[in-house]
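Results of the structural survey
Spelled out, the chains give:
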Amino acid sequence: MERSIADFRWPRLLSLILPARCHTCRRYLRDEENPCFCRDCWETVSRIDGPCCPRCGKPFASEAALSHSPGHLCGDCRERLPHFDRAVSAGWFEGVLAEAIHLFKYRGRTLLARPLGAHLLHAMTRLPEPDDLMPVPLHPSRLRQREFNQSLLLCDNLAAESGLSVIPDGLERIRETPPQIGLSHKDRRRNVRRAFVVRRPERIEGRRIALIDDVLTTGATVNDCARALKRAGADQVYVMTVARTPK
Ligand SMILES: [Zn+2]
Ligand SMILES: [Zn+2]
């Protein structure tokens, strides 16, 4: 049976009239600020607040790790010190936070930049204050495909909340890196090596820059960005991500 155009339009029209539903519990959203989640579900968003490696932000299993030596680094950092000075993540990549990042990044729900940015702002209190915010850039071909850079949207929201400036075009991704999924630590590092170049060294020299990204996995991508920024004369490079994985 042939379907008329009206069959396709009705659900979309109805969705404009009816309020949206919470993506997790399906409850109707009424006066929530969050466009995809109700207040109760959003409150369950993962947070990382405990003791962490002061360099890469990897959470320690126990408080004792830092009680006698606040500069105690995790095993990974002792083995190979990252190019960035400090990294923090707001929460674990799990549950509502993982769902929100997926909707934001792959389903075009860009209004989530605001609540995710607010979540990131909370993590920012654990860093020394940066001078500028900078997004991890996408390769131009990936940007054309996705139509927006999720890291830049997060930066803009964070800038609006914190009053910090954004350097949107300080770095350029000159190599498209194949997906990192399924690669070992070593292979991931090799996969992204030298993928970024600094485009505005005069804007970077002597600055304390906070690199913003959605998820930190091995840190290979931000580490490569930090390496380029440090070579261009950045004073400090901090990393802030909404989530980190694996737990
Ligand atoms: Zn809900
Ligand atoms: Zn570490």
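This report concerns the structure included in the present document.

For the rest of this paragraph, the subject is the overall build of the chain. Tallying secondary structure elements over the chain gives eleven helices and seven strands in all. The burial tally for the chain puts 45% of its 247 residues in the buried class. In the chain, of all internal contacts separated by at least 6 residues, the share reaching a separation of at least 24 is 70%. For the chain, the exposed surface amounts to about 13800 Å²; the carbon and sulfur share of it is 50%.

With that out of the way, let us pick up the packing of aromatic side chains. Taken as a whole, this structure holds two aromatic pairs when the rule is applied. Taking the centre distance of 6.3 Å and the plane angle of 45 degrees together, the rings of Phe104 and Phe148 count as tilted. A residue pair is termed long-range when its members are at least 10 positions apart, and Phe104 in helix α5 (residues 95–106) and Phe148 in the loop between α7 (140–146) and α8 (150–162) qualify at 44 residues. Of the two residues, Phe104 and Phe148, both sit in the buried class.

Below, the discussion takes up the side chain of Asn34. Looking at the secondary structure, you find Asn34 in the loop between α1 (5–17) and α2 (39–42). Within the structure, Asn34 has its side chain in polar contact with the backbone nitrogen of Cys36 (distance 2.9 Å). Ignoring anything within four residues of it in the chain, the contact list for Asn34 reads Leu29, Trp42, Leu112 and Pro115.

For the zinc ion (ligand 1), the full set of protein donor atoms is Cys22 (SG), Cys25 (SG), Cys38 (SG) and Cys41 (SG), and the range of their distances to it is 2.3 to 2.4 Å. Coordination at the zinc ion (ligand 1) comes from four donor atoms whose angles at the metal span 102 to 117 degrees, giving a geometry best classed as tetrahedral. Written as a sequence motif, the donor arrangement for the zinc ion (ligand 1) is C-x2-C-x12-C-x2-C. Residue class for Cys22 comes out buried when judged on its relative accessible area of 0%.

Attention shifts here to the coordination of the zinc ion (ligand 2). Coordination angles at a metal have ideal targets, namely 109.5 degrees for four tetrahedral donors and 90 or 180 degrees for six octahedral donors. Note on the zinc ion (ligand 2): its protein donors are Cys53 (SG), Cys56 (SG), Cys74 (SG) and Cys77 (SG). The metal-donor distances range over 2.3 Å. Taken together, the four donor atoms surrounding the zinc ion (ligand 2) define angles of 104 to 114 degrees at the centre, an arrangement classified as tetrahedral.

At a minimum axis distance of 9 Å, the contact between helix α6 (residues 113–124) and α8 shows a crossing angle of 65 degrees. Relative to α8, α6 is oriented so that their crossing is right-handed. The residues of α8 that touch α6, namely those facing Ala113, Arg114, Leu116, Gly117, Leu120, Leu121 and Met124, are Leu153, Leu154, Asn157, Leu158, Glu161 and Ser162. Among the residues making up the contact of α6 with α8, the classes are represented as eight nonpolar, three polar and two charged.

This paragraph deals with unusual backbone geometry. Within the chain, Arg26 stands out as a residue other than glycine whose phi angle is a positive 65 degrees. Topologically, Arg26 is positioned in the loop between α1 and α2. The phi dihedral of Glu147 falls on the positive side, at around 75 degrees, and the residue is not glycine. Mapped onto the fold, Glu147 is located in the loop between α7 and α8.

Take the pairing of strand β1 (residues 86–92) next. For β1, a buried count of six out of seven residues is recorded, marking the element as mostly surrounded by other parts of the structure. Across six bridges, the pairing between β1 and strand β7 (residues 236–244) is parallel. Of the residues in β7, the one forming a bridge with Ala87 is Val239.

Once that is clear, we can look at the pattern of salt bridges. Counting across every chain of the model gives ten salt bridges. The partner of Lys105 in a salt bridge is Asp214, and the shortest N-O contact between them spans 2.9 Å. Within this pair, whereas Lys105 is found in helix α5, its partner Asp214 is found in strand β6 (residues 208–216), the two being separated by 109 residues in sequence. The class of Lys105 is buried, set by a relative accessible area of 16%. Overall, Asp214 belongs to the buried group, its relative accessible area being 2%. Here Arg203 and Asp132 are joined by a salt bridge, their closest N and O atoms 3.0 Å apart. In this pair, Arg203 sits in helix α10 (residues 201–204) while Asp132 sits in strand β2 (residues 132–135), placing the two residues 71 residues apart along the sequence. Taking relative accessible area as the criterion, Arg203 reaches 22% and is therefore assigned partly exposed.

Rules used in this analysis
- Residues numbered from 1 in each chain as written.
- Chains lettered and ligands numbered in written order.
- Predicted model: local features only at pLDDT ≥ 70, side-chain atom pairs only at ≥ 80, totals over all residues.
- Heavy atoms only, no water.
- Helix = DSSP H or I, 4+ residues; strand = E, 2+ residues; numbered from the N terminus.
- Buried < 20%, exposed > 50% of the residue type's maximum accessible area, 1.4 Å probe, protein only.
- Contact = heavy atoms within 4.5 Å.
- Areas by Shrake-Rupley, 256 points an atom, 1.4 Å probe, with all protein chains shown as cover.
- Phe/Tyr/Trp six-rings, centres within 6.5 Å; stacked < 30°, edge-to-face > 60°.
- Polar contact = N/O pair within 3.5 Å; in protein donor to acceptor, adjacent residues only side chain to side chain.
- Donors = N, O, S within 2.8 Å, 3.2 Å for Na, K, Ca; no water.
- Tetrahedral: all angles 85-135°; square planar, octahedral: opposite > 155°, others 65-115°.
- Axes fitted to C-alpha atoms, helices over the stretch in contact; angles between N-to-C directions.
- Left-handed = near helix turned anticlockwise from the far one by under 90°.
- Nonpolar A, V, L, I, M, F, W, Y, C, P; charged D, E, K, R; others polar.
- Pairing = 2+ DSSP bridges.
- Salt bridge = Lys/Arg side-chain N within 4 Å of Asp/Glu carboxyl O.

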